[in-house]
Amino acid sequence: MDNFLQQVINGISLGSIYALIALGYTMVYGIIKLINFAHCDVYMLGAYIGYFCMTSLKLGVFPSLVIAMLACTIIGVLIEKIAYKPLRNATRIAVLITAIGVSLFIEYGTMRFVTANVRAYPPMTGWLAERFKIGNMTITAQQILIVASTIVLVALLQFIVKKTKMGKAMRAVSLDKDAAELMGINVNSTISFTFALGSALAGAAGVLVGIYYNSIDPLMGVIPGLKAFVAAVFGGIGIIPGAMIGGYFIGTVEVFVSGYGNSLYKDAVVFAILIIILIVKPAGLLGKNTKEKV
Amino acid sequence: MKKKLSILLAVGLLISGLTACGANSKGQAANSNEIKIGINYELSGGVASYGQSSVDGIMMAIDEINAAGGIDGKKLVPVKYDNKSEPAEAITLANKLISQDGVVAILGPATSGSFKSEISVAEKKKVPVISGSATADDVTVDKAGKKEYAFRICYTDSFQGTAMANFAAQNLSAKKAVIVKDSSSDYAKGLADNFTKTFTAAGGTIVGEEAYVAKDKDFNAILTKIKGLDFDVIYLPGYYEEAGLIIKQARALGIDKPILGADGFDSPDLTNLAGASALTKVYFTNHYSSLDKDPAVVKFIDDFKKKYNKEPNAFHALGYDLAKFVADGLKRSKSLDSGALKDALAETKDFTGVTGSFSIDENHNPVKAIVVVGLENGVQATAEKSGNK
Amino acid sequence: MKNIFKHKTLQKFISILITYAAIQGLITVGIIDDYWQATLATICINIILAVSLNLITGFTGQFSLGHAGFMSIGAYVCAIITISNPTTVGFIGGIIAGAIAAALIGALVGLPTLRLRGDYLAIATLGMAEIIKIIFLNLEITNGAAGLQGIPQFVNWTWMFVFTVGTVVIIANFLKSSHGRACISIREDEIAAESMGVNTTKYKVISFTMGAFFAGIAGGIYASYFYFLKPDLFGFLKSVDVLVIVVLGGLGSISGSIIAAVLLAIISTFLQSFSEVRMIIYALLLIVLMLFRPQGLMGSKEISLSVFKKIGLKSKRGKEEV
């Protein structure tokens, strides 16, 4: 039983990270129907920015987190303005190739500056190094930090999307871009805003991963990025609570396959579930099946 | 008729145009004042960190050799290509280095798979290829026989796996072991297989085997599972990048049994990733121990820090030795061609490098002593020497 | 009408033969050395992969990100068969068996997933390729992460040429047939096609299976030429590489795919000398090309021999004038 609960804790911490990354994918996809491959690299950049804030500038955890989020916001908006905006009316596949190009550019550009070797985050001190024992289980303060940050950020996001004017514009643009424009919504700034939000979350995820696992490298975004995207599709792409549920689900499944099945096949099971979900319910768990009109 | 002729012309022109660029670069190999050395490493792609580290070490050694006057007054000129961590690209580049750049020998690639692919080219073209980190047993000798032109200066997997299994069974009196291996790495697979063989032969049992893939960061699930098992030691063949995280997470979960590893642990980043306090009762097989205080090792570490502003790891050291080893062969070689160099390399006796001194055996593997380094609080506390192979 | 067709076919046939003979001649003379031969092999494999993916993505409009998975099936099956039976018969059998195995898996995966549209299909095929990779990583017969080595090398320029030209000719002719037109109608408008009586599911599965079949052939050639296989060669990035060739050449243009495959090989050869920054330059090239020519080099147009003729005539006239 203790083992089981421990695995649940493991799954939720891992899932939180997927959820944070998945949110960025889901928002961007929802609004411009683009699998933004560069998103996972923004996450990587966030981790590095946090790293340099903590080591070179000797800043604390929270200032570093905020700086990384701000920097990633700027990077995300710049990527959108330079690489995606000129292709707004091109085929989706052309934009996708551009996204892959941007992703490779960031990965290898970063590698040029920081080398391919892993870097270790500075060791955490104070309350962040705490460890709590409940019976035979262990929860670290870092795990609590990750889960709590995810929940707070998702709540904040949900508030922005549902309650603010900008959020309303985002929903309108994702529903029908042309109609939104006719209604006087500035489509371009709405899309930029979406990229800004998603990138800020990715930056936060990067720093949190740095703190939690204390290992970062220029290609660290590739695999979590893929899994986070799976999470976004699983929950119903374009739906914010869906991405969160998807993230937690993928994280937990991965942990339980390793813990109770065969760790060799943990990723295979994740992808198999994805395919099954897609076949049974193509729009994802929370997605609504839309009838195609002629 | 005219039309057909024009098609012919067009096709012919296209092809000759394509190949002309290839033909031009030929024939400039024999510059008398320099010796070209090919460097075929993983500078991008999945294992870029191993390739880049090796090349850093190689470049440092080549600079030192050239600063000291080169080989008989001739400078070593590295010709460096990136094989993108792909064996097919390694083959293509080996062909390019040999037939177009006219190198006398090729260093690298870092991983066994790419190196094995390159060997087939080397055998055909009769140019020696030397790796600093291809550890799979069948690299220099396989079912088809010995590879005349392939050399390496690192341990074989069976040697390291066996040494650690013996250490676990004898020095730690372990009876039950758990293996956690990187299922995407041939290095880990080779070590795990050999450890299992020797450990079970010594009367031990493997009570669990778990796998992860390179670049994973979360190992809590498999570690929680292992925690529920009854075992004496964990064998963790793999590289410091994941090993550091596994050790950290294992200790955080309260697993305090000894953790054993191989030379992939040898990096200052192991301490950075795991944290010093987690690195207690951690043992790994290695080429040298920092307890040795060998002046050559101390000097290497100092020079390396000066040049690159970071601490060297095993790949840096092996890359450095690799270039020095080839330079040593060139010095002893009767003439500066590939065939003579191959003979000279095969006859290497008591070469002294920073990863220990060694001779080359009849299978083109180094005969090196092995040290089992024990860590306490992140510091090397014990160093058990194992005899020569 | 029939006469002209025959004439054209003959012309094509002759020019193909000349290309083959010219390169074979250059190889025999030694002007094309081993390095250029390896590059040629890469080009041929990429052409087969790109043309077969173009059939799925460019012509039928089904977005697949799992081409490397099919390639790996072909490669492993061919490798295992040629290792156990290292003769030319074994090699041919291996390539065909590999292609059929890939096609079977393609049909098996295609049947349920091709109901999905656009990016959802892309993700499903991506997942499938990852699953295949993980299975190869853990099977005993594929030797896991250590990979298969010592695969007997049978592929030479002749084989490569035969398979490449064969693939291009079969796919080009398929597209001209009524089946091929049915596939193209799905790309143009699936609903309209369906209402016109085209069995869209059937044709989607046919094109998917055919694409997988030829990807399997490319895998077999890869295994036989580079005599070493490892599961991580066939990851997500390999599928992306193929997709890049297809998009760069132009979705729905076979000659575009061929040109892009050759062009990318030349660019990659050129970049080899810039080992440290090659990936950065490659990425920048991708972005710039897409920004300035999002429809790819050829769009959906084809180059036919008549273009060569025009160029040939022009250059001749030019010479006469001088």
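Just so it is clear, the structure is predicted and the values come from calculations on it, not from any experiment.

Draft legend 1. Expanded view of the overall build of chain A. Regarding its fold elements, chain A presents eleven helices and four strands. A compact globule built from 294 residues would reach a C-alpha radius of gyration of about 19 Å, and chain A, at 19 Å, matches this within 12%. Considering only C-alpha atoms, chain A reaches an extent of 60 × 45 × 35 Å along its principal axes. Here chain A, with 294 residues, has 60% of them falling under the buried criterion.

Draft legend 2. Broad picture of the overall build of chain B. What chain B contains, in helices and strands, is twelve helices and 17 strands. Its C-alpha atoms give chain B a radius of gyration of 23 Å, near enough to 21 Å, the size a compact globule of 389 residues would have. The principal-axis extents of the C-alpha atoms in chain B amount to approximately 85 × 55 × 40 Å. Across the 389 residues of chain B, 58% fall into the buried class. Nonlocal contacts in chain B, meaning residues at least 24 apart in sequence, comprise 70% of its contacts between residues at least 6 apart.

Draft legend 3. Fine view of the interface of chain C and chain A. With 32 residues of chain C in contact, the opposing surface of chain A contributes 33 residues. Breaking the side of chain C that touches chain A down by element, the ones donating at least two residues are α4 (88–113), α5 (118–138), α10 (236–249) and α12 (278–292) of chain C. Here the side of chain C that touches chain A takes eleven residues from α5(C), the largest share from any one element. For the side of chain C that touches chain A, the residue count by class is 27 nonpolar, three polar and two charged.

Draft legend 4. Just the domain arrangement of chain B, in detail. Residue and element names in this part refer to chain B. As assigned here, chain B comprises domain 1 (34–155 + 295–368) and domain 2 (157–286). Relative to domain 2, the C-alpha centre of domain 1 lies at a distance of 29 Å. At the interface, nine residues of domain 1 touch 13 residues of domain 2. Across the side of domain 1 that touches domain 2, the residue classes tally to three nonpolar, four polar and two charged.

Draft legend 5. View of the environment of A:Ile216. All names here are of chain A. Checked against the element boundaries, Ile216 lands in strand β4 (residues 215–216). For Ile216, a count of 23 C-beta atoms within 10 Å gives the class buried. Not counting chain neighbours up to four residues away, the residues in contact with Ile216 comprise Ala47, Tyr48, Tyr51, Val118, Arg119, Tyr121 and Gly210.

Draft legend 6. Spotlight on the sheet that holds strand β14 (residues 356–360) of chain B. Ordered by their spatial adjacency, three strands build an open sheet running β13-β14-β15 (chain B), and the pairing between neighbours is antiparallel. Each edge of the sheet is formed by a strand with only one pairing partner; in this case those strands are β13 (351–353) and β15 (366–367) of chain B.

Draft legend 7. Representation of the confidence of the model for chain B in the model. Residue and element names in this part refer to chain B. Across chain B, pLDDT averages 86, with 91% of residues at or above 70. Residue range residues 1–30 is modelled with pLDDT below 50. Its contacts to residues more than four positions away, or to other chains, number 34 contacts. The ipTM for the predicted assembly is 0.88, set against a pTM of 0.87.

Draft legend 8. Region of the structure containing the UniProt feature "domain: Leucine-binding protein" (unreviewed entry) in chain B. What UniProt calls "domain: Leucine-binding protein" (unreviewed entry) maps, in this numbering, to residues 34–376 of chain B. Span residues 34–376 of chain B is 43% helix and 21% strand, its end C-alpha atoms 48 Å apart.

Draft legend 9. Examining the sheet that holds strand β2 (residues 75–82) of chain B more closely. Residues and elements named next belong to chain B. Strand order in this open sheet of five strands is β2-β1-β3-β4-β7, and the pairing throughout is parallel. Every interior strand has two partners, whereas the edge strands, β2 and β7 (150–152), have only one. Between one strand axis and the next, the sheet turns by 25 degrees as a mean value, whatever way the strands run. Sheet strands touched by helix α2 (residues 48–67): β1 (34–41), β2 and β3 (105–107). Its angle to β2, the strand with the most contacts, is close to 165 degrees.

Draft legend 10. Helix α3 (residues 67–84) of chain C, seen in detail. Between the first and last C-alpha of α3(C) there are 26 Å, a value that for 18 residues agrees with the 26 Å anticipated at 1.5 Å per step. The element α3(C) is largely enclosed, with a buried count of 16 among its 18 residues.

Draft legend 11. Here's a closer look at the pairing of β1(B). Residues and elements named next belong to chain B. Counting buried positions over the eight residues of β1 gives six, a clear majority of the element. Relative to β2, β1 runs parallel, the two being bridged by eight bridges. Of the residues in β2, the one forming a bridge with Lys36 is Val77. Relative to β3, β1 runs parallel, the two being bridged by three bridges.

Draft legend 12. How the structure looks around the packing of helix α9 (residues 222–235) of chain A against helix α10 (residues 240–260) of chain A. All names here are of chain A. Remark: α9 packs on α10, axes separated minimally by 7 Å, with the N-to-C direction vectors making an angle of 125 degrees. When the interaxial angle is binned, α9 and α10 end up oblique. When you trace α9 past α10, the crossing you get is right-handed. On α10, the residues touching Lys227, Ala228, Val230, Ala231, Ala232, Phe234 and Gly235 of α9 are Gly242, Ala243, Ile245, Gly246, Gly247, Phe249 and Ile250. In terms of residue class, the contact of α9 with α10 is built from nine nonpolar, four polar and one charged.

Draft legend 13. Region of the structure containing the UniProt feature "transmembrane region" (unreviewed entry) in chain A. Residue and element names in this part refer to chain A. With numbering matched to this structure, UniProt assigns "transmembrane region" (unreviewed entry) to residues 12–35, 65–84, 93–114, 134–161, 193–213, 233–257 and 269–287. Secondary structure content for residues 65–84 is 100% helix and 0% strand, while the C-alpha to C-alpha distance between its ends is 27 Å. End C-alpha to end C-alpha, residues 193–213 measures 30 Å, and it is 100% helix and 0% strand.

Draft legend 14. Looking closely at the confidence of the model for chain A. Scored by pLDDT, chain A comes out at a mean of 90, with 98% of its residues at no less than 70. Per-element mean pLDDT across chain A ranges from 84 in strand β2 (residues 131–134) of chain A up to 96 in helix α2 (residues 39–55) of chain A.

Draft legend 15. Up close: the environment of B:Lys349. Residue and element names in this part refer to chain B. By the element assignment, Lys349 lies in the loop between α12 (338–346) and β13. Overall, the presence of 10 C-beta atoms within 10 Å leaves Lys349 in the exposed class. In this structure, the C-alpha to C-alpha distance between Lys349 and Ile360, residues eleven residues apart in sequence, is 6.6 Å.

Draft legend 16. Just the packing of helix α1 (residues 2–32) of chain A against α10(A), in detail. Residues and elements named next belong to chain A. In the contact formed by α1 and α10, the axes pass within 6 Å of each other and the chain directions differ by 140 degrees. With respect to α10, the element α1 is oriented oblique. Read as a crossing pair, α1 and α10 show a hand that is right-handed. Looking at the contact of α1 with α10 residue by residue, the class counts come to 13 nonpolar, twelve polar and one charged.

Draft legend 17. How the structure looks around unusual backbone geometry. Residue B:Gly108 is joined to B:Pro109 through a cis peptide bond whose omega torsion reads -5 degrees. Its location among the elements puts B:Pro109 in the loop between β3 and α4 (112–125). If you check the backbone angles, A:Lys33 has positive phi at about 55 degrees while not being a glycine. A count of 15 C-beta atoms within 10 Å places A:Lys33 in the partly exposed class.

Draft legend 18. Up close: α10(C). With 14 residues, α10(C) extends 20 Å between its outermost C-alpha atoms, agreeing within 8% with the 20 Å of an ideal straight helix rising 1.5 Å per residue. The buried fraction of α10(C) amounts to eleven of the 14 residues, a majority that puts the element mostly inside the structure. All of the buried residues along α10(C) are C:Lys238, C:Ser239, C:Val240, C:Val242, C:Leu243, C:Val244, C:Ile245, C:Val246, C:Val247, C:Leu248 and C:Gly249. Where α10(C) is buried, its residues contact α4 (92–114) of chain A together with α2 (34–59), α3, α5, α11 (254–271) and α12 of chain C. C:Gly250 occupies a position one or two residues after α10(C) and carries a positive phi of about 120 degrees.

Parameters and conventions
- Residues numbered from 1 in each chain as written.
- Chains lettered and ligands numbered in written order.
- Predicted model: local features only at pLDDT ≥ 70, side-chain atom pairs only at ≥ 80, totals over all residues.
- Helix = DSSP H or I, 4+ residues; strand = E, 2+ residues; numbered from the N terminus.
- Rg over C-alpha atoms; globule rule 2.2 N^0.38 Å.
- Buried ≥ 20, exposed ≤ 12 C-beta atoms within 10 Å, placed from the backbone.
- Contact = placed C-beta atoms within 7 Å.
- Nonpolar A, V, L, I, M, F, W, Y, C, P; charged D, E, K, R; others polar.
- Domains from an automatic or database assignment.
- Pairing = 2+ DSSP bridges.
- pLDDT = per-residue confidence, 0-100.
- UniProt positions renumbered as here; feature names shortened; annotations may be inferred.
- Axes fitted to C-alpha atoms, helices over the stretch in contact; angles between N-to-C directions.
- Expected span 1.5 Å × (residues − 1).
- Parallel < 35°, antiparallel > 145°, perpendicular 65-115°, else oblique.
- Left-handed = near helix turned anticlockwise from the far one by under 90°.

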